[in-house]
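Structural description and commentary
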Amino acid sequence: MEIVKHDLKIAYIGGGSRGWAWGLMADLAMEGALGGTVSLYDIDREAAEHNAVIGNRLSAREEAVGKWNYVVADSLKEALEGSNFVVISVLPGTFEEMESDVHEPEKYGIYQSVGDTVGPGGIIRALRTIPIFREIAEAIKETAPDAWVINYTNPMSVCVRTLYEVFPKIKAIGCCHEVFGTQKLLALALKEVCQIEGVERQEIKTNVLGINHFTWIDRASFYDMDLFPVYEKFVERYAADGFMEEKADKNWMNNHFASAEMVKMDLFKRYGIIAAAGDRHLAEFMPGWYLESPETARAWKFSLTPVSWRKKDLQERLNKSRRLAAGEEEVALEKTGEEGVLLMKALLGLGDLVTNVNIPNQGQIGNLPVGAVVETNAWFGRNQVCPVYAGNLPDDILHLVTRHVVNQEGVVKACLKKDRNMLFNIFMNDPLVKIGPKEGKELFDTMVKNTEKYCDL
């Protein structure tokens, strides 16, 4: 018997998103078991209004089996009232501040490929993000304490940790698709090494452990097949020159998000387990091995994504938003591969699900601090999320991961306490900040000043 839930309410914080929102709309439109109201809240009201028009037009299409009414909320409280689910996808500040996050450190010889999770850019981004998430957590506690909260915003670990620090009983999870990409790579390894084609990433079963964007896999299988020997042969074949799919642009420099997986494969050779994030993220957690200079990054075949490109891309998405709102273009009705809607279904009791999520450590990783946000698999069922015991990180990887866990925990405490000196000490403890205290203080003060409009330190 098919069970349907057509009286749901989703509060979308950051509902003016030009990208994530359209993907969620498409996924919701393709799920006939769910329906209801999506309340869009954004500090850019016009952007939310555009998305309400876009969402309602999409829902009205005959082929859209999931029917939703998209409305714009005047306040965070209004958006949250009566919500079953809260989706958070926000940009803390603007790309002007991110330009400082990413490029100001380059004046001191510090290079970042993303700049949104760790490194000097990730720490200063957190300085803008934590006040936002403190406000969101307080509002959820007051208005929708029983709602399930799904966060997509980076820095992921810091965002989720702030939610729980402010409202310990919150029911929040952080979702990231980086592990999905590694599952797809393992499926490609099956094709390349074993000539097994057509494998879906969901058929690749993995044991996930680590922290967001610095996640690892120590067991992987395809039905009864251990994938580690397969991946080892794949790495032997492609580690020297890298690997890209046939359909991908072989000139990886044309794509600011692409890589040839060389960092991932090098880490496997060094540590013997699979690094389960994209090269651009993995490189930022290491002590300068892959980010010593732009030339080093090019040698490892991944991009240092410039914020100028993000600004150009934003203009293109703004133009697309206008076309979608005017009815000149339609949202593609195809699944994104994200699992937000599947998580909602499982939490409503419409089918169980096991997937990787970011939640506080309850012992699922035995040698990382309890309470710190970690990324492992978890089982989703009706109104519950149960972390899957992942085991311990190997000692040599543990030392790398622990440094970042300590820093992330400290960033949350320093920002909530408004302790500038503590935050500076954490800034200097990041592996990419390989300069002395005098230069470090200059860089820190400049970056904080460049973001002071959005933080309170």
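Residues numbered from 1 in each chain as written. Predicted model: local features only at pLDDT ≥ 70, side-chain atom pairs only at ≥ 80, totals over all residues. Heavy atoms only, no water.

**Here we look at the pattern of salt bridges**
- All chains considered together, the criterion is met by 24 salt bridges.
- Of the charged contacts in the structure, one is a salt bridge between R18 and D44, with a shortest N-O distance of 3.6 Å. Taken together, the residues span a long stretch of sequence, with R18 in the loop between strand 1 (5–13) and helix 1 (20–29) and D44 in the loop between strand 2 (34–41) and helix 2 (45–60) at a distance of 26 residues.
- Judged by its relative accessible area of 19%, R18 falls in the buried class.
- Measuring nitrogen to oxygen at the nearest pair gives 2.7 Å for the salt bridge that ties R128 to D101. Taken as a pair, R128 in helix 5 (residues 119–143) and D101 in helix 4 (residues 95–103) lie far apart in primary sequence, 27 residues in all. In this structure, R128 and D101 share a single accessibility class: buried.
- Each member of the salt-bridge network shares a partner with another, and the members are R45, E49 and D74. (Salt bridge = Lys/Arg side-chain N within 4 Å of Asp/Glu carboxyl O. Helix = DSSP H or I, 4+ residues; strand = E, 2+ residues; numbered from the N terminus. Buried < 20%, exposed > 50% of the residue type's maximum accessible area, 1.4 Å probe, protein only.)

**Concerning the pairing of strand 13 (residues 384–387)**
- Pairing geometry for strand 12 (residues 373–381) and strand 13, over four bridges, is antiparallel. Residue pairing across strands places G381 opposite Q384, the latter belonging to strand 13.
- Linking strand 12 to strand 13, which pair antiparallel, is a turn of two residues; within it N383 sits at a positive phi near 55°. (Pairing = 2+ DSSP bridges.)

**Things to note about the packing of aromatic side chains**
- All chains considered together, the criterion is met by 15 aromatic pairs.
- Arranged with centres 5.6 Å apart and planes meeting at 65°, the rings of F214 and W216 form a pair that is edge-to-face.
- By relative accessible area, which is 0% here, F214 ends up buried.
- Through a chain of ring-to-ring contacts, three or more aromatic side chains come together here, namely F228, Y231, F234, Y238, F243 and F268.
- Above the ring of F180, the side-chain terminus of R201 is found at 3.7 Å from the ring centroid.
- The cationic tip of K441 hangs over the ring face of F424; the distance from NZ or CZ to the ring centre is 6.0 Å. (Phe/Tyr/Trp six-rings, centres within 6.5 Å; stacked < 30°, edge-to-face > 60°. Lys NZ or Arg CZ within 6 Å of the ring centre and 35° of its normal.)

**Observations regarding empty space enclosed by the protein**
- Evaluated as defined, the whole model comprises six cavities of 30 Å³ or more.
- Lining the largest cavity are T117, V118, G119, G122, I123, A126, V158, H404, N407, Q408, V411 and D430.
- Counting only elements with at least two residues in the lining of the largest cavity, the list comes to helix 5 and helix 14 (395–417).
- Classifying every residue of the lining of the largest cavity by side-chain character gives five nonpolar, six polar and one charged.
- Of the volumes computed, that of the second largest cavity is approximately 70 Å³. (1 Å grid on protein atoms, 1.4 Å probe; cavity = no way out; pocket = protein on both sides within 12 Å on 5 of 7 lines; lining within 4 Å. Points joined across faces, edges and corners; volume = space filled by probe spheres on them. Nonpolar A, V, L, I, M, F, W, Y, C, P; charged D, E, K, R; others polar.)

**Overview of helix 15 (residues 420–429)**
- Listing the buried residues of helix 15 in full gives L423, F424, I426 and F427. The buried side chains of helix 15 occupy one side of the element, clustering within an arc of 160° when seen end-on.
- The secondary structure elements touched by the buried residues of helix 15 are helix 5, helix 14 and helix 16 (437–451).
- Sitting at the amino-terminal end of helix 15 is D419, which places a side-chain oxygen 3.3 Å from the backbone nitrogen of N421. (Arc of directions from axis to C-beta. Contact = heavy atoms within 4.5 Å. Polar contact = N/O pair within 3.5 Å; in protein donor to acceptor, adjacent residues only side chain to side chain.)

**Description of helix 7 (residues 178–194)**
- Relative to the 24 Å expected for 17 residues at 1.5 Å per residue, helix 7 spans 24 Å between its end C-alpha atoms, a close match to the ideal helical length.
- Counting buried positions along helix 7 gives 12 out of 17 residues, so the element sits mostly inside the fold.
- Within helix 7 the residues assigned to the buried category are E178, V179, F180, T182, Q183, L185, L186, A187, L188, A189, L190 and V193.
- Looking one or two residues past helix 7, Q195 carries a phi angle of roughly 60°, positive in sign. (Expected span 1.5 Å × (residues − 1).)

**Regarding the nonpolar core**
- Ranked by size, the top nonpolar core spans 80 residues in total, and within it F214, W216, Y231, F234, L267, L393 and V401 carry the most contacts.
- No other element matches the nine residues that helix 14 contributes to this core.
- Aside from chain neighbours lying at most four places away, what touches L393 is L209, W216, I365, N367, L368, L398 and V401. (Core = buried A, V, L, I, M, F, W, Y, C linked by side-chain atoms within 4.5 Å.)

**Overview of the packing of helix 4 against helix 12 (residues 307–325)**
- Interhelical geometry of helix 4 versus helix 12 gives an angle of 155° and a closest axis separation of 9 Å. Considering their axes alone, helix 4 and helix 12 lie roughly antiparallel with respect to each other. As helix 4 packs across helix 12, the resulting crossing turns out to be right-handed. When helix 4 is examined against helix 12, the residues F95, E96, M98, E99, V102 and H103 are found in contact with a partner set consisting of V307, R310, K311, L314 and R317.
- For the contact of helix 4 with helix 12, the per-class residue count stands at five nonpolar, one polar and five charged. (Axes fitted to C-alpha atoms, helices over the stretch in contact; angles between N-to-C directions. Parallel < 35°, antiparallel > 145°, perpendicular 65-115°, else oblique. Left-handed = near helix turned anticlockwise from the far one by under 90°.)

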